[in-house]
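# Tertiary structure, described
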Amino acid sequence: MKIVVYASVFLALLLGGCGGDDRVDGSGNNVDKKLREKIDGFGLTGDPSADRNIPSVDDAKVQLGMKLFYTKALSLDFDAACVSCHHPLLGGGDNLSFPIGAEAMDPNLLGPGRLHKNTGNSFFDGGPTVPRNAPTTFNAALFDVGMFWDNRVESKTGTTGANGGDADNILMPGQSDSERIDSLVGNLPSTQALFPITSAEEMRSFGHAELQNGDAVRHYLSDRLSGANGNEDLSERARNVWLEAFQKGFNTPDGNASTLITIENIASAIGEYERSQLFIDNPWKAYIEGDIDAISESAKKGALLFYSGYDEGGANCVQCHSGDFFSDGALYVMAVPQVGRGKNHDASTEDYGRANITLNDEDKYKFRNMSLLNISQTGPWGHSGAFTSLKAIVKHMLNPDESVQNYNPYTELKQRGIAVQCNDVEVNTAHALEQLHVNRQKGISPHKNVVFTEEQVNQLVAFLETLTDPCVEDSQCLSAWIPDPRSPNFELLQQLNATFQ
Ligand code: HEC
Ligand code: HEC
């Protein structure tokens, strides 16, 4: 009896000691219990696809979309496809800080070996020409707010679960980024698909001066596939194969080329292919569902840091990377280093982010908060691909001031030796950091700097690594999203057959 009393007093003291200190140390077996409280508190289920309509990769329209996603025939010079920068085997991206689209030396070569031709055109500066990092297309069906790093394709309602598909509710850029007009096509991914084909650096390239605006390029390309208006870029045989693919994809066996092969249908099918890329079955989901051995002790401690507030000694990542999709879709200044040629409305090397769309100074350097699903596979990270290790971007998210101070683009970037695009990093990044400070002072930015030990940073990284669906690391599993080069008509459809370096 006496022993039991002593034991319980001892236990009470022990527990009291822990309870009195509400900092997150994740010590002892308490970590599962504390984590369960967080999971319940934030209402997490592990499944961001619940109540969504996700197409199967076997759907006829998805299969058509896959052919379109892989075809070089949607680039004016037949030298780039969507997949040039968004390959499933590269995490739905390109494994580059800055993409190279049109005018690559070898259009079929993806990854760090991909180089830009020295074309002598005035836009080429010795490095990649695209100003921002290519985000993944994986889980495109889970976005409800907007697409692109600045949300310039944006749902007017943001309706949860709608993917922008609640009729007539998407705004997109018109003739300039800041001119917003209504989208003509179904949802966020299909609306987004209207833009890469009109971007000179990505797929349009620089010739064909007669095509004076985006719509002219779009119709030129749909006419190319359909053969309308005497556009004879493709052989009659190739056009017949495309017609058959559209007839199948839209379940209209007797449909004719001019009504089926339209820019709206092209965008809609590409969007469906992207929406079929659902990769959410990860160890963290298994843990939430009750398999407490699905993730390591270190990952559990990292999860606690992720979900705990500043006052509890946590990193409060969840205030922005919220829900089962790990993003609230909103725009924040995080001062990720401003590398690259820039994207702006004043011909500087700055990337003004959201302010390019709103022309409002308050939106300068704001970028969209990213989903963290499959994050270990989707690097380099940040809107400028500034970071090539997960640890480095995590350190930046914890403490942008310290990270910027230590940042060296010459060692950190995926593409080295592009000095011309690194010249203004220091001064441009200082502007973004200044904006973060101002936003904190005004109470617009909820972010606070956090000082963590190396061990805690490693724990956060270990947690992020549990968000990867094993399918995206398995070429066999991904093969459903990649056309087979041995399939008939592979060449006729100008499918890109990727090699990697
Ligand atoms: C040259 C490389 C390149 C090519 C080719 C390309 N993209 Fe992208 N993609 C990018 C870059 C860079 C961004 C980010 C641009 C921005 O935010 O300003 C992007 C953004 C996206 C996004 C938004 C993802 C998000 O998180 O919001 C989707 C979806 C996408 N691309 C699909 C496509 C499709 C579909 C095609 C073909 C029609 C295509 N891309 C062709 C480089 C490319
Ligand atoms: C105030 C909101 C906010 C907080 C808090 C925040 N993030 Fe982010 N996160 C963002 C935004 C915005 C971006 C995109 C920034 C950019 O590239 O300019 C981002 C990008 C990232 C990326 C890179 C995504 C990619 O695809 O390149 C990672 C990884 C990340 N955050 C992890 C974290 C972690 C871990 C924490 C907690 C330590 C955290 N974030 C805290 C807003 C936030």
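The written sequence of each chain sets the order in which its residues are numbered from 1. Lettering for chains starts from A, numbering for ligands starts from 1, and both go in the order in which the items are written. Only residues with pLDDT of 70 or above have their local features reported here, since the model is predicted, and side-chain atom pairs are shown and tallied only from 80 upward, although totals for entire chains, interfaces and linings are computed over all residues. Remark: hydrogens and water are excluded; side-chain values derive from all non-hydrogen atoms of the structure.

### Describing the overall build of the chain
A run of H or I in DSSP becomes a helix once it reaches four residues, and a run of E becomes a strand once it reaches two; helices and strands are each numbered from the N terminus. Scanning the chain for helices and strands turns up 18 helices and eight strands. In this description the radius of gyration comes from C-alpha coordinates, and the expected globular size is given by 2.2 Å times residues to the power 0.38. By the compact-globule yardstick of 23 Å for 501 residues, the chain fits well, its C-alpha radius of gyration being 24 Å. Based on the C-alpha atoms only, the size of the chain along its principal axes is roughly 95 × 50 × 40 Å. Exposed residues in this analysis have more than 50% of their type's maximum accessible area, buried residues have under 20%, and partly exposed residues fall in between, with area computed by a 1.4 Å probe over protein chains only. In the chain, which comprises 501 residues, the proportion classed as buried is 55%. A separation of at least 24 residues holds for 66% of the contacts in the chain among residues at least 6 apart in sequence. Methods summary: accessible areas were calculated by the Shrake-Rupley approach with a probe of 1.4 Å, and residue burial reflects only the protein chains presented. Put simply, the chain shows about 21,500 Å² of open surface, and 51% of that area lies on carbon and sulfur atoms. Residues count as neighbours in contact if any of their non-hydrogen atoms are within 4.5 Å of one another.

### Remarks on helix α11 (residues 297-307)
Each α-helix turn comprises 3.6 residues. Residues three or four places apart therefore point the same way. Of all the eleven residues making up α11, eight are buried; the element is thus mostly covered by neighbouring parts of the structure. Residues of α11 that are buried include every one of Ala-299, Lys-300, Gly-302, Ala-303, Leu-304, Leu-305, Phe-306 and Tyr-307, and no others. Structurally, α11 contributes buried residues whose contacts are with α2 (30-41), α10 (283-288) and α17 (454-465).

### Topic: the coordination of the iron atom of ligand 1
Protein coordination of the iron atom of ligand 1 rests on one atom only, His-86 (NE2), at 2.1 Å. On the secondary structure map, His-86 appears in the loop between α3 (60-69) and β1 (109-110). Donor criterion used throughout: N, O or S atom within 2.8 Å of the metal, extended to 3.2 Å for Na, K and Ca. Water excluded; incomplete-looking sites may result.

### Description of α3
Turning to α3, its buried residues are Val-62, Leu-64, Gly-65, Met-66, Leu-68 and Phe-69. Elements in contact with the buried residues of α3: α6 (214-226), α7 (236-249) and α9 (263-275).

### Topic: the side chain of Arg-218
Here Arg-218 lies in helix α6. As used in this structure description, the phrase polar contact means that two N or O atoms lie within 3.5 Å; if the pair is within protein, one of them must be able to donate a hydrogen and the other to accept it, and residues adjacent in sequence are counted only when both atoms belong to side chains. Engagement of the side chain of Arg-218 in a polar contact is seen with the backbone oxygen of Leu-194, the distance being 2.9 Å. With residues up to four places along the chain from it excluded, the contact list for Arg-218 reads Leu-194, Phe-195, Ile-197, Thr-198 and Ile-263.

From the geometry alone we can't say anything about function, so treat these as descriptive.
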